[in-house]
Amino acid sequence: MSLQVLILAVSAACCLGFGFVLQQNAAQRAPLNDFLSPRLLLDLMKVPRWLGGLGLMVAGMALGAIALGHGEISLVEPLLATNLLFAMALSRRQTKQPLGRQGWAGLALLAGGVTAFIVAGQPTGGSAISDPVRHWLIIGAMVGLALLLTTYAKRSRLSSGPALLAVAAGLLYGVQDALTRVSGQRFSEGGLVELLTGWQPYAVLALGVTGLVLVQSAFETASLRMSLPALTAAQPLAGIACGVGFLGDQLRTDAGALAWEAAGLAAIVVGIILLGLHPAMPCGAAVREPARKLQPS
């Protein structure tokens, strides 16, 4: 792993983590009748705090895209999952809660899991698989699962809905990361004309906007404890599946390496859950009238 990729990916995680916290601070006061509607984004655009969070998120995605251009998605995605560490740092500043055993355990599991997966798997680049059927099967499975989760979330938006929406958004963001890498490759090979004549950049934009609506709807109806861990866990798993599935990323496949890779991914997920449920994370959304409009703050 190059130092450049490490710095880019961790910087992206920092921007994403801070951005998610600021967005949730604003979205929790949005009117509930904007749930899963593009109107939610129009309302939130009036709130400076949300715009600041969106700016950090966009910066994080841009840095992540540059990292994906220099490293394998199976390497970059676990590093991006550390955004929860930065979200925790900002949330702790707001809530004044100490880390305690749960926080330190979550931090150790997340950092150790990322390290174990990268060291054991030793992700390397390979030739992308040209079979379009395989591309669409994997992308279709991710998008289809996200659609199914969103459908169920509509029926239980104030109970399990936010977590389901966050998982759906994470799946879409994982696919978006994979297609961002493909778009970067097309641009490097043929310039702007080659990029704009492919479907990938338009899919990246559509996935980004759709994921943003899902994430803000999750932030609107529940605390970071319910939404951010699910989002953070789903995105790297989807990205790695795309990387290995059709982008040509290669991981070590001997028995020992596979065991450590699985253990690393499991540690990442458990660490994310422990940090996400930590008392430092805001525990509830503000009480508001369903039709009340947002006030700038």
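Position numbers for residues count from 1 along each chain, tracking the sequence in the order it is written. pLDDT decides what is reported in this predicted model: residues at 70 or higher carry local features, side-chain atom pairs at 80 or more are listed and counted, and totals for whole chains, interfaces and linings draw on all residues regardless. Excluded from the side-chain calculation are hydrogens and water; included are all heavy atoms of the structure.

**Quick notes on the packing of aromatic side chains**
Note the following rule: Note on aromatic contacts: the rings of Phe and Tyr and the six-membered ring of Trp form a pair at centre separations within 6.5 Å, being stacked when their planes are under 30 degrees apart, edge-to-face when over 60 apart, and tilted otherwise. Each helix is a run of DSSP H or I of at least 4 residues and each strand a run of E of at least 2, with the numbering of both proceeding from the N terminus. Here the term buried applies to any residue with accessible area under 20% of the maximum for its type, exposed to any over 50%, and partly exposed to those in between, with areas from a 1.4 Å probe on protein chains only.
Applying the stated criterion to the full structure yields three aromatic pairs. For the pair Phe20 and Phe219, a centre-to-centre distance of 6.2 Å together with 75° between the ring planes defines the contact as edge-to-face. One end of the pair, Phe20, is in helix α1 (residues 3-27); the other, Phe219, is in helix α9 (residues 200-221), with 199 residues separating them in the sequence. Phe20 gets classed as buried once you look at its relative accessible area, which sits at 3%.

**Here we look at the environment of Gln122**
Quick note on the threshold: Here, two residues are considered to be in contact whenever any of their heavy atoms come within 4.5 Å of each other.
One can find Gln122 in the loop between α6 (100-121) and α7 (132-155). Taking the C-alpha atoms as reference points, Gln122 and Leu75, 47 residues apart in sequence, are found 8.2 Å from one another. Those residues in contact with Gln122, other than ones at most four positions away along the chain, are Phe117, Gln250 and Arg252.

**Notes on the confidence of the model for the protein**
Selection criterion: The pLDDT value expresses, per residue, how confident the predictor is, ranging between 0 and 100.
Per-residue pLDDT for the protein averages 85, and the proportion of residues at 70 or more is 93%. Predicted confidence for residues 285-292 stays below pLDDT 50, and this span has 17 contacts to residues more than four positions away or in other chains.

**Observations concerning the packing of α1 against helix α3 (residues 48-70)**
Relative placement of two packed helices is described by the angle separating their axes and the distance separating the axes. Here is the rule we go by: Axis geometry follows a simple rule: fit a line to the C-alpha atoms, using only the stretch in contact for helices, then measure angles between N-to-C directions, giving values from 0 to 180 degrees. Here the word oblique covers every angle except those under 35 degrees (roughly parallel), over 145 (roughly antiparallel) and from 65 to 115 (roughly perpendicular). Here a crossing is called left-handed whenever its near helix is offset anticlockwise from the far helix by less than a right angle, and right-handed whenever the offset is clockwise. In this classification, Asp, Glu, Lys and Arg are treated as charged, Ala, Val, Leu, Ile, Met, Phe, Trp, Tyr, Cys and Pro as nonpolar, and every other residue, Gly included, as polar.
Running from N to C, α1 and α3 cross one another at 160°; their axes reach a closest spacing of 7 Å. Considering the angle they form, α1 stands roughly antiparallel to α3. Every pair of crossing elements has a handedness; the one defined by α1 and α3 is left-handed. The residue makeup of the contact of α1 with α3, split by class, is 19 nonpolar, 10 polar and one charged.

**Observations concerning the environment of Thr197**
Short version of the rule: Here a polar contact is recorded for every N or O atom pair within 3.5 Å, except that within protein the pair must consist of a potential hydrogen donor and a potential acceptor, and residues adjacent in sequence are included only if both atoms are side-chain atoms.
Within the fold, Thr197 resides in the loop between α8 (161-196) and α9. The class of Thr197 is exposed, set by a relative accessible area of 58%. At 3.1 Å, the side chain of Thr197 forms a polar contact with the backbone oxygen of Glu194.

**Regarding the packing of α7 against α8**
The N-to-C vectors of α7 and α8 enclose an angle of 160°; their axes lie 8 Å apart at closest approach. In terms of orientation, α7 lies roughly antiparallel with respect to α8. Here α7 and α8 pass one another in a crossing that is left-handed. On the side of α7, the interface is formed by Ile139, Met142, Val143, Leu145, Ala146, Leu149, Thr150, Tyr152 and Ala153, while α8 contributes Gly161, Leu164, Leu165, Val167, Ala168, Leu171, Leu172, Val175 and Leu179. Tallied by class, the residues present in the contact of α7 with α8 amount to 16 nonpolar, two polar and no charged.

**Things to note about the pattern of salt bridges**
Convention followed: A pairing counts as a salt bridge when a side-chain nitrogen of Lys or Arg comes within 4 Å of a carboxyl oxygen of Asp or Glu.
Scanning the entire structure with this criterion turns up four salt bridges. A salt bridge links Asp43 to Lys46; its shortest N-O distance comes to 3.8 Å. A relative accessible area of 7% places Asp43 in the buried class. We classify Lys46 as exposed; its relative accessible area is 51%. Across the pair Arg181 and Asp249 runs a salt bridge, and its minimum N-O distance is 2.7 Å. Linking Arg181 in helix α8 with Asp249 in the loop between α10 (224-245) and α11 (255-276), this pair joins segments that are 68 residues apart in sequence. Judged by relative accessible area, which is 9%, Arg181 ranks as buried. The class of Asp249 is buried, set by a relative accessible area of 4%.

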